[in-house]
Amino acid sequence: MNLSVRIFIALVLAVIVGLIAGEPAVPFIKWWIAPIGTIFINLIKMMIVPVVITSLVVGMTSLGDTKKLGRIGIKTVALYLLTTAVAIGIGFVVAGIVQPGVGLGLANESAVKVKEAPSIMQVFVSMIPANPVDAMAKAQILPCIVFALFVGVGIIQVGGERAQLLIRFFDACAETCYKIIGMVMQLAPIGVFCLLLPVVASNGPSVLLPLLSVIICVAVGCIIHALAVYSTMARVLGKMSPMKFFRGMSEAMLIAFTTCSSSAALPVNIKNCQEKLGLSREVSSFVLPLGATINMDGTALYQGVCALFIANVYGIDLSIGQMGMILLAGTLGSIGTAGVPGAGLLMLAMVLTTVGLPIEGLGLVAGIDRVLDMFRTCLNITGDGAVCCVINESEKEQGDVA
Ligand code: ASP
């Protein structure tokens, strides 16, 4: 049986068992089952920093010259930002139709501890690692990416025999990483089951029902975005059948869905884009790690839905200007959002503050954030794959990649 089918069965089983077992089983599940999920997550996390550094360096050095790198970089970032802005728009439309939160009454003031969202300048400063080893140790992906970019450019500038030595070294390291990820993925069905069971058992249907309309909006919005935007991108710009695209992406999507982390899904995403979608190594090794940190279509869509939901709950009418602000803040904010569980909630705090919506509304969303996170993370990494297809095809047309 193929791996994504096995992961999917594990996912369905976890939901069924979790709903049947419910609240009384939570202590047992937390004690005996959840740690196995944590082991699986740790195994994946173990590979994040090595894979980001080595694959980026390989991607860049195989692009060969800095001009080409700049061209691909600009195209990639532009596409990432564009799809993110479209995602927020879809969030607005879906939430505008469903109108979640209307008639729910004012939220109870369940206080959520919200850290102050960083300013744009702070994001830029924190992108540059004062000490790359420290950034690696703390698994701060954006600084690691910046460091890897410099190493890649440095190697290209050195050129010749000495550069070849390093290129071969990083290439072998990246290959080793992919092999290890392959081994870890064999455990994915067990890992996914153990990760999801505690979430379902402790949240149960009772927590989810009152906020079902928000969950439906985010889920439906994600599906629309994936089917309309990514299918079109894959077919028209990437010259790939959407069927093949989604099938190739399915394992990474399921990992994203269960781990709620783009970074955790990144190793699998790189491996599958190369092996199942046949995307070139140089493009995918560069585009995907970048996307895992700066491209967050699902998170952006969720901002649109939640902002409207919170406005509805508090009986506030959002003006077109405010919606424009949400679009801008959400799109730019996604660059600084880490691909880790719950990061989107922090970004939502920033968006709410930007447009002057009550920050207490976060209390409502926080309760179901984990469930929303599953859908948005799944969309986040699918978007990375879609952009990668497009860039790969356009570089192929230029005759620059195989
Ligand atoms: N969990 C998301 C991700 O890793 C970020 C978010 O919380 O929206 O892509």
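Source: prediction; values computed, not measured.

Thresholds applied
- Residues numbered from 1 in each chain as written.
- Predicted model: local features only at pLDDT ≥ 70, side-chain atom pairs only at ≥ 80, totals over all residues.
- Heavy atoms only, no water.
- Salt bridge = Lys/Arg side-chain N within 4 Å of Asp/Glu carboxyl O.
- Helix = DSSP H or I, 4+ residues; strand = E, 2+ residues; numbered from the N terminus.
- Buried < 20%, exposed > 50% of the residue type's maximum accessible area, 1.4 Å probe, protein only.
- Expected span 1.5 Å × (residues − 1).
- Arc of directions from axis to C-beta.
- Core = buried A, V, L, I, M, F, W, Y, C linked by side-chain atoms within 4.5 Å.
- Contact = heavy atoms within 4.5 Å.
- Near = heavy atom within 4 Å.
- Polar contact = N/O pair within 3.5 Å; in protein donor to acceptor, adjacent residues only side chain to side chain.
- Nonpolar A, V, L, I, M, F, W, Y, C, P; charged D, E, K, R; others polar.

Caption draft 1: Seen up close, the pattern of salt bridges. According to the stated counting rule, one finds 10 salt bridges in the structure shown. The partner of E395 in a salt bridge is R71, and the shortest N-O contact between them spans 2.6 Å. On the criterion of sequence distance, the pair formed by E395 in helix α17 (residues 369–397) and R71 in helix α3 (residues 66–98) is long-range, its members being 324 residues apart. With relative accessibility at 0%, the residue E395 sits in the buried group. Between D134 and K138 there is a salt bridge, and its shortest N-O distance comes to 3.1 Å. Given a relative accessible area of 33%, D134 falls into the partly exposed group. Three or more residues joined by partner-sharing salt bridges are found here, namely R71, K75 and E395.

Caption draft 2: How the structure looks around helix α1 (residues 3–21). Helix length check: α1, at 19 residues, gives a terminal C-alpha distance of 26 Å against a target of 27 Å (1.5 Å per residue), a fit within 8%. Among the residues of α1, L3, S4, I7, A10, L11, A14 and G18 are the ones counted as buried. For α1, the arc enclosing every buried residue in end-on projection is 115°, short of the 170-degree limit, so these residues lie on one face.

Caption draft 3: Examining the nonpolar core more closely. Among the nonpolar cores identified, the biggest contains 126 residues, and Y230, F245, V287, V365 and L372 are the most heavily contacted of them. For Y230, the residues in contact, after removing those within four places along its chain, are H225, F245, F246, D297, L379, T382, G383 and A386. The next biggest cluster of nonpolar side chains, apart from the first, holds seven residues, and it includes A25, I33, C194 and L197.

Caption draft 4: Broad picture of the site of the ligand. Neighbouring the ligand are 16 residues, the closest being S262, T299, G344, D373 and R376. The separation between an oxygen atom of the ligand and a polar main-chain atom of G344 is 2.6 Å. For the shell around the ligand, the secondary structure elements donating two or more residues are α15 (343–355) and α17. Element by element, the count of residues in the shell around the ligand is highest for α17, at four residues. Residue composition of the shell around the ligand, by class: six nonpolar, eight polar and two charged.

Caption draft 5: Layout of the side chain of N269. The residue N269 is located in helix α11 (residues 262–275) in this model. Here N269 falls in the buried class, since its relative accessible area comes to 2%. Here the side chain of N269 touches I381 through a polar contact of 3.4 Å, landing on its backbone oxygen. Not counting chain neighbours up to four residues away, the residues in contact with N269 comprise M249, A252, L288, I381 and D384.

Caption draft 6: Region of interest: the environment of F40. Tracing the sequence through the fold places F40 in helix α2 (residues 26–63). C-alpha separation for the pair F40 and T259, spaced 219 residues apart in sequence, amounts to 9.7 Å. Excluding anything up to four places from it in sequence, F40 contacts V184, L187, A188, G191, V192, L195 and I255.

Caption draft 7: Fine view of unusual backbone geometry. One non-glycine residue, Q99, adopts positive backbone phi at about 50°. Checked against the element boundaries, Q99 lands in the loop between α3 and α4 (120–127). A relative accessible area of 34% means that Q99 is categorised as partly exposed. Of note in this structure, K239 is not a glycine but carries a positive phi near 50°.

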